[in-house]
Each structure stands twice: as C-alpha cells, then as structure tokens.
Amino acid sequence: GAVVSQHPSWVICKSGTSVKIECRSLDFQATTMFWYRQFPKQSLMLMATSNEGSKATYEQGVEKDKFLINHASLTLSTLTVTSAHPEDSSFYICSARSPGDFYEQYFGPGTRLTVT
Amino acid sequence: GQSLEQPSEVTAVEGAIVQINCTYQTSGFYGLSWYQQHDGGAPTFLSYNGLDGLEETGRFSSFLSRSDSYGYLLLQELQMKDSASYFCALNNAGKSTFGDGTTLTVKP
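This report concerns the structure included in the present document. (Residues numbered from 1 in each chain as written. Chains lettered and ligands numbered in written order. Predicted model: local features only at pLDDT ≥ 70, side-chain atom pairs only at ≥ 80, totals over all residues. Heavy atoms only, no water.)

Residues and elements named next belong to chain A. Burial within strand S8 (residues 76-81) is extensive, with six of its six residues counted as buried. Burial along S8 is two-sided: Leu-76, Thr-78 and Thr-80 and Ser-77, Leu-79 and Val-81, pointing in opposite directions, are all buried. Sheet topology places strand S3 (residues 19-25) next to S8; six bridges connect them, and they run antiparallel. By the bridge assignment, Arg-24 is partnered in S8 with Leu-76. Where strand S7 (residues 67-73) meets S8, five bridges bridge the pair, whose relative direction is antiparallel. Across the sheet, residue Leu-68 finds its bridge partner in S8, namely Thr-80. The turn linking S7 back onto S8 is made up of two residues. (Buried < 20%, exposed > 50% of the residue type's maximum accessible area, 1.4 Å probe, protein only. Helix = DSSP H or I, 4+ residues; strand = E, 2+ residues; numbered from the N terminus. Pairing = 2+ DSSP bridges.)

See below:
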C-alpha cells in the first residue's frame, strides 16, 4: 500500500513559539492531503483539506491564521502551528489520497505535539 | 452536518466473532469506511462500502444499509492483536467524517 510519513513524530515546544509538521507521500503523488487532530481516546477531527497549488480549505471553527497549511508539491504538505498554546497539545495526523483512490486514505504515523 | 454513532467499548474473547455497529445521519454521502487504530498509532484502512450489502476482506467484513442509515464491521476469529479502536467514517467527495470510535478489547 501507499506510504505516508510525518516529521517529527513528537515535538515539545514552549508556549508562544511556532512548530512545523511535515507530511510526505513517499511512493505516490497526492493532490489532496488532509490534516486531523486527535485528543486522547477521541475521534479524528478534520482540520483542513490541503490541495496542491491552491489554498487549503479549513473546517468550521479552525483558525486558518493559527494553523498554516502549505501544500507546496505533490508529495509534501506542511502544517505550522503558530503561537502555540498548551491547549494546542494534541496528536496531529495527516492523510493523503492517491489519484486512483476515491475513498481510501493513507494515514501518516502522526505527530505528538506538547506545548509547555 | 454529518454525525455517526458507535458503541464506545466492546469486549470479546479470542476466537469469537464480534460486530461493531455504526449508525449515521447525513444528507448525502458516497460510502462508509472502517479504520483500525492501535494505541499511539495511525489509523489503517480496513473496508469500504459504496453500495448496500456485505463486503468481505479476509477475517473482516463490513455491511451497509442506506435505507436504515446503518452499517457494521464484523470481525471473525478474533485475535489478541485485534484489540484496538475501530472507527466508521462517512466518505463524501473524498473527505471523511469519523465516528467517535469503538474500543475493542480481546481477552484470552
């Protein structure tokens, strides 16, 4: 199956700083990537849909100026959490669809963000 | 909007069969997917129903009834490694809305 990687796998940062998370599709080109956050024992909440070469589409209630998404190439999307606060601490997971798949999403391993 | 309901926890013994139900509300969707997630790991795709009926993939089967707004995931010959969280998700134009997940515990 298709492989999606994320970097870093975990990060600790101080309140007020910014953190960048990378999501890469390793063996396929992903025109669309998705960013989710997941709190412990809870569901995956879609934050935004990232489209290569265009602006990301954010879900209702997600601050686009706080969670900056850049889909610079067909294999890379980045999520930058700006001015992080402790309440931003969460598990951030990206997923990607390959052009041939309509419904199957390939998930990255996730990034555990802790803001102190 | 869309919403999905799943039982929060299910327990079964090794070798048994377990069914995880999912009911949903939506104004329209393409299909229902199922994902497995182990603690601390990423979700992995298990099954998809675009049409009503049963889809079988090895030990896992999934069912969808659009008229009843209902689906289920059936796991047969349970193994200890099947202990994980299972999510149903509505697929709409490639975007997915996930249920809250069901934690399956398999006991020896």
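So, about the sheet that holds strand S8 (residues 70-75) of chain B. Residues and elements named next belong to chain B. Strand order in the open sheet made by the five strands is S1-S3-S8-S7-S6, with antiparallel pairing throughout. Of all the strands in the sheet, just strand S1 (3-5) and strand S6 (53-57) have a single pairing partner and so form its edges. Strand after strand, the sheet turns through a mean of 20 degrees between neighbouring axes, direction not considered. In the sheet, S1 pairs with strand S3 (residues 18-25) via three bridges, with the strands oriented antiparallel. Following the sheet pairing, Leu-4 is matched in S3 by Tyr-24. (Axes fitted to C-alpha atoms, helices over the stretch in contact; angles between N-to-C directions.)

Right, let's talk about the environment of Glu-5 of chain B for a bit. All names here are of chain B. Within the secondary structure, Glu-5 is located in strand S1. Spatially, the C-alpha atoms of Glu-5 and His-38 are 20 Å apart, while their sequence positions differ by 33 residues. Ignoring any residue separated from it by four or fewer positions in sequence, one finds Glu-5 in contact with Asn-21, Cys-22 and Thr-23. (Contact = heavy atoms within 4.5 Å.)

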